[in-house]
Amino acid sequence: TGPLIFRAHDDQVISVKFSSSGRELYSCSLDKTWKIWTVRILENRLKDICGPRWCVSTGGYIIKKILPLLLIFLLTIIIYGDSLNNDFVDLDDTTYIHKYTYMYRLTWSALKELFNPGCVIAQGNTYTPVSGIPVLVDYVIWKLNPFGFHLTSLIFYIINLLLIYIIIIELFKDRYISLITVLIFAVNPLHVEPVAWISGRIHLTLSIFCFLSFYFFIIASRGCFYLYFFLSLFCFILAILTHPLGF
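For clarity, every value in this text was computed on a predicted model and none was experimentally measured. (Residues numbered from 1 in each chain as written. Predicted model: local features only at pLDDT ≥ 70, side-chain atom pairs only at ≥ 80, totals over all residues. Heavy atoms only, no water.)

### Comments concerning unusual backbone geometry
- One non-glycine residue, K143, lies in the positive phi region at around 55°.
- By the secondary structure assignment, K143 is in the loop between α5 (132-142) and α6 (146-172). (Helix = DSSP H or I, 4+ residues; strand = E, 2+ residues; numbered from the N terminus.)

Listed below in structure tokens is the structure:
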């Protein structure tokens, strides 16, 4: 069968055909560079034309895109899953949680009180209102069940790992480099404190906003300026309002 001709989003004509083994789907753009074709917009069209052969390409997509994410998730659960059985630690946990849960509700008035520089929480401390929102949500859902608080910390850590994975892909365009970097980062014992210690979760919240700000800045630097630059600046402000290290 001859090649299939499509027009890409950038108005370039792309020639698509299967390899001789029928196991891989290739494309050749105007720059004559061969690469595995994974654009989802062709999925329905290729299913109609190619039939069962598309299943092989779908399997390759799962191995290339989904499997690394599952590996990151499973490794994190294996290492930090036991932290879900931990209780509150007298070292700051009780004070840290009750500092925010004295409002006992998640309402607009509670959030305004949380962001009020003159409220009890901010007196004598740094102004970090955003750090209290996850604690307040945890209390509304879990009350004083430590399992829920530790579960949130674990989820925040996984989000951090996924953001690092995406950022490194954007920088190096290599999924293997990104995966190896994230796996090394995930097993670093220095991260036990913010994951297993509820009071240390503030650093996980901070890093989420920092990574998001960095990611949106990378996208903004490639031409999509206004929207992504605004998102980058917005996440940076949230990072500052989470912890002084955001500066």
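The rest of the description comes next.
### What to know about a nonpolar patch on the surface
- Together, L171, F172, I177, F214, F217, F225, Y226, F229, L233, F236 and I237 give the surface a local cluster of nonpolar side chains, amounting to about 1100 Å² of exposed area.
- Elements with a minimum of two residues in the nonpolar patch: α6, α9 (201-220) and α10 (225-240).
- If one sorts the elements of the nonpolar patch by residue count, α10 sits on top with six residues.
- Inspection of the secondary structure assignment puts F214 in helix α9. (Patch = residues over 30% accessible without salt bridge, like charges linked within 9 Å, V, L, I, M, F, W, Y side chains within 5 Å. Areas by Shrake-Rupley, 256 points an atom, 1.4 Å probe, with all protein chains shown as cover. Salt bridge = Lys/Arg side-chain N within 4 Å of Asp/Glu carboxyl O.)

### Considerations on the confidence of the model for the protein chain
- Mean pLDDT over the protein chain: 77, with 69% of residues reaching 70 or higher.
- Taken element by element, the protein chain is modelled with least confidence in strand β4 (residues 34-36), mean pLDDT 40, and with most confidence in α6, mean pLDDT 95.
- Predicted confidence is poor over residues 5-11, with pLDDT under 50, and the contacts of this stretch with residues over four places away or in other chains come to 13 contacts.
- In this model residues 18-56 is a low-confidence stretch, pLDDT under 50, and it forms 55 contacts with partners more than four residues away in sequence or in other chains. (pLDDT = per-residue confidence, 0-100. Contact = heavy atoms within 4.5 Å.)

### A look at the side chain of T205
- Considering the arrangement of structural elements, one finds T205 in helix α9.
- Classification of T205 as buried rests on a relative accessible area of 6%.
- Beyond its immediate stretch of four places on either side in the chain, T205 contacts P134, F156 and T242. (Buried < 20%, exposed > 50% of the residue type's maximum accessible area, 1.4 Å probe, protein only.)

### Description of the packing of aromatic side chains
- Within the structure shown, the criterion is met by six aromatic pairs.
- Note on W142 and F147: the rings are 5.8 Å apart at their centroids and 70° apart in plane angle, and the pair reads as edge-to-face.
- Owing to a relative accessible area of 28%, W142 belongs among the partly exposed residues under this scheme.
- An aromatic cluster of at least three residues, connected via ring pairs, comprises Y215, F216 and Y228.
- Note that R201 overlies the ring of F156, its terminal NZ or CZ placed 5.9 Å from the centroid. (Phe/Tyr/Trp six-rings, centres within 6.5 Å; stacked < 30°, edge-to-face > 60°. Lys NZ or Arg CZ within 6 Å of the ring centre and 35° of its normal.)

### Considering the packing of α6 against α9
- It is the contact of α6 with α9, at a shortest axis distance of 9 Å, that shows an interaxial angle of 25°. Considering the angle they form, α6 stands roughly parallel to α9. Note on packing geometry: the crossing formed by α6 with α9 is left-handed.
- Along the lines of polarity and charge, the residues of the contact of α6 with α9 split into 17 nonpolar, five polar and two charged. (Axes fitted to C-alpha atoms, helices over the stretch in contact; angles between N-to-C directions. Parallel < 35°, antiparallel > 145°, perpendicular 65-115°, else oblique. Left-handed = near helix turned anticlockwise from the far one by under 90°. Nonpolar A, V, L, I, M, F, W, Y, C, P; charged D, E, K, R; others polar.)

### Focus on the state of the cysteines
- Under the criterion given, the structure shown has zero disulfides.
- Cysteine C210 is unpaired, with the sulfur of C235 as its nearest cysteine sulfur at 9.6 Å.
- Classification of C210 by relative accessible area gives partly exposed; the value is 30%.
- A relative accessible area of 6% places C235 in the buried class. (Disulfide = S-S within 2.5 Å.)

### A look at the nonpolar core
- Counting residues in each nonpolar core, the largest one holds 18 residues, and the members touching the most others are I72, Y157, L161, Y165, V182 and V195.
- Residue assignment for this core shows that the elements contributing at least two residues are α2 (53-80), α6, α7 (175-186) and α9.
- Of all the elements, α6 adds the most residues to this core, at nine residues.
- Dropping the residues within four chain positions of it, I72 is found in contact with L161, Y165, L179, V182 and L183.
- In this structure, I97, Y100, V135 and I198 belong to the second largest nonpolar core, which totals nine residues. (Core = buried A, V, L, I, M, F, W, Y, C linked by side-chain atoms within 4.5 Å.)

### A few points about the pattern of salt bridges
- One pass over the structure, following the stated rule, counts three salt bridges.
- Across the salt bridge formed by R201 and D138, the nearest N and O atoms sit 2.6 Å from each other. Placement of the pair is R201 in helix α9 and D138 in helix α5, with a sequence separation of 63 residues.
- For D138, a relative accessible area of 3% translates into the label buried.
- With its nearest N and O atoms 2.5 Å apart, the salt bridge here joins R222 to E170. Of this pair, R222 sits in the loop between α9 and α10 while E170 sits in helix α6, and the two are 52 residues apart along the sequence.
- A residue is classified by how much of its surface remains accessible, and E170, at 17% relative accessible area, is buried.
- Beyond isolated ion pairs, a larger network of salt bridges with shared partners links E170, K173 and R222.

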